[in-house]
Amino acid sequence: MHLILPVGLITTALAIAPVRFDREKVFRVKPQDEKQANILKDLAKTNKLDFWYPDATHVAVNMRVDFRVSEKESQSIQFVLDQNKMQYEILIYDLQEAIEKQFDVKEDIPGRHSYAKYNAWDKIVAWTEKMVHKHPDMVSRIKIGTTVENNPLYVLKIGKKDGRRKAIFMDCGIHAREWISPAFCQWFVYQATKTYGKNKIMTKLLDRMNFYVLPVFNIDGYIWSWTQNRMWRKNRSKNPGSKCIGTDLNRNFNASWNSFPATKDPCKETYAGPTPESEKETKAVTDFILNHLKLIKGYITMHSYSQMLLFPYGYTSELPPNQEELARVAKISTDALSSQYATRYIYGPIASTIYRTSGSSLDWAYNLGIKHTFAFELRDKGKFGFLLPESQIKSTCKETMLAVKFIAKYILQHTS
């Protein structure tokens, strides 16, 4: 399918040169005491630091803190760290080089969809159509809404067409720069359809339940991360009264919405939006889940990076009523995952395992009554961060598939 763009639009697109990250660095710092933690927070205010993990307001003693800094600022940052005897390492010395090195897998067969490469949105949308044509008895495509920039939000329903059955909703790519996440959703659909009738567990799952898979949640942001700014996180909505673009869709859900300072500033990466569900993408997903609530027994959301399996809550340190069950499922899932390549994951509630956060899709789904909700933070632990090389896509997806299959099997057996 060839799209012909209006001349004006082409001119506008050409006028914006993609952001380059030559000689930008990614630092990892571990503050040893309150003074050092405050130094990092102060640096965040005075320098334009892009916090990869966690966000600036959640910096705490003995927590690893990863942030990106421009070439211009990197020497002064290093000076401050040295001066205050702070422990640090440089994870990435030249971010632009790391971005280019990400594409380290050659195209399998031109024209065929590759599951070993990162795919731009136009390829993913064409793939959704192809999967429906290839597996008409098992895959259907549902348009659940559109984005701010009028891109269609498609959910793929995987499973038998007959009857009402239990379902799991799974989304990928809520944060634009986390490319390994949409890669997993594509892999999941591919493997589910390919192994049905051959793999015992997958066959049993698809005979008895459906999966609703949203391959890319934040389409506009994802496109922007391919064409203009590889480090883009938010969606692309305009914020009245601010020159800063975008809302963090994973702070925009109506679950203790906007209850932390970091979510109130439109220029921050974690801006929660003007109201809960203000964003078209969030609204489309919440409406779809609400319309299928009787059937949806599980919710899984894919993020990166840090190798964690998380469950509620994020906005409070209180534990959910079925915390012991969720912890047990998470433990067995992470054990299953590590059985393939010995990749180690940690697991636990969001608030105590990472940091407290409000407005997340996970907490919203749990509060709705979907009592088996999980968020994966996929590979790696920071060597590549958001720039996981393509050569690790297949191994990441294969091991994650083991965990997802276990969670799905558990939900099938333990929900009514």
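Residues numbered from 1 in each chain as written. Predicted model: local features only at pLDDT ≥ 70, side-chain atom pairs only at ≥ 80, totals over all residues. Heavy atoms only, no water.

## Digging into a positive patch on the surface
What counts is decided by this rule: What goes into a patch is any residue over 30% in relative accessible area without a salt bridge, connected to like charges within 9 Å or, for nonpolar side chains (Val, Leu, Ile, Met, Phe, Trp, Tyr), within 5 Å. Per-residue and other accessible areas were derived by the Shrake-Rupley procedure at a 1.4 Å probe size, with only the shown protein chains allowed to occlude residues. Salt bridge, as used here, is a side-chain nitrogen of Lys or Arg placed within 4 Å of a carboxyl oxygen of Asp or Glu. By the counting rule applied here, Lys and Arg register as positive and Asp and Glu as negative, while His and the ends of each chain are not counted. Working definition for charges: the position is that of NZ of Lys, CZ of Arg, CG of Asp or CD of Glu. Summary of the burial criterion: residues with accessible area below 20% of their type's maximum are buried, those above 50% are exposed, and those between are partly exposed, where the area comes from a 1.4 Å probe applied to protein chains only.
A grouping of Lys194, Lys198, Lys394 and Lys398 is seen on the molecular surface, where their side chains present a positively charged patch. Classification of Lys194 as partly exposed rests on a relative accessible area of 42%.

## Examining the sheet that holds strand 1 (residues 25-30)
Our working rule: Note on pairing: two strands pair once DSSP finds at least 2 bridges between them. Under the scheme used here, helices are H or I runs from DSSP no shorter than 4 residues and strands are E runs no shorter than 2 residues, and both carry numbers assigned from the N terminus. Fitted lines through C-alpha atoms give the axes, limited to the stretch in contact for helices. The angle between two N-to-C directions lies from 0 to 180 degrees.
With respect to topology, 4 strands assemble into an open sheet ordered 2-3-1-4, the strand pairing being antiparallel. Only two strands of the sheet have a single neighbouring strand rather than two, namely strand 2 (50-53) and strand 4 (87-92). Looking at each pair of strands side by side, their axes are set apart by 30 degrees on average, direction ignored. Bridge count for strand 2 against strand 3 (residues 65-69) is 3 bridges, and the pairing is antiparallel.

## Some points on the side chain of Thr195
Which entries qualify depends on this criterion: Pairs of residues are marked as contacts when any of their non-hydrogen atoms sit within 4.5 Å.
Here Thr195 is to be found in helix 6 (residues 180-195). Taking relative accessible area as the criterion, Thr195 reaches 18% and is therefore assigned buried. Every residue in contact with Thr195, bar those within four places of it in the chain, is listed here: Met202 and Thr203.

## Quick word on the pairing of strand 11 (residues 346-349)
Applicable threshold: Handedness of a crossover is defined as follows: orient the strands so they point away from the viewer, and if the path from the first strand over the helix to the second runs clockwise, the crossover is right-handed.
Here strand 10 (residues 308-311) pairs with strand 11 via 4 bridges, running parallel. Bridging across to strand 11, Leu309 finds its partner in Tyr347. In terms of handedness, the path from strand 10 via helix 10 (residues 323-341) over to strand 11 forms a crossover that is right-handed.

## Brief notes about unusual backbone geometry
Going from Ser304 to Tyr305, the amide bond is cis rather than trans, its omega being 5 degrees. With respect to the secondary-structure elements, Tyr305 resides in the loop between strand 9 (296-304) and strand 10. That bond from Pro312 to Tyr313 is cis: its omega, 0 degrees, falls within 30 degrees of zero. Mapped onto the secondary structure, Tyr313 falls in the loop between strand 10 and helix 10. Although it is not a glycine, Asn62 sits at a positive phi angle of roughly 65 degrees. Position of Asn62 relative to the elements: it lies in the loop between strand 2 and strand 3. Positioned with a positive phi, Asn258 is a non-glycine residue whose angle comes to about 60 degrees. For Asn258, the location among the structural elements is in the loop between helix 8 (219-227) and helix 9 (280-291). A residue is classified by how much of its surface remains accessible, and Asn258, at 16% relative accessible area, is buried.

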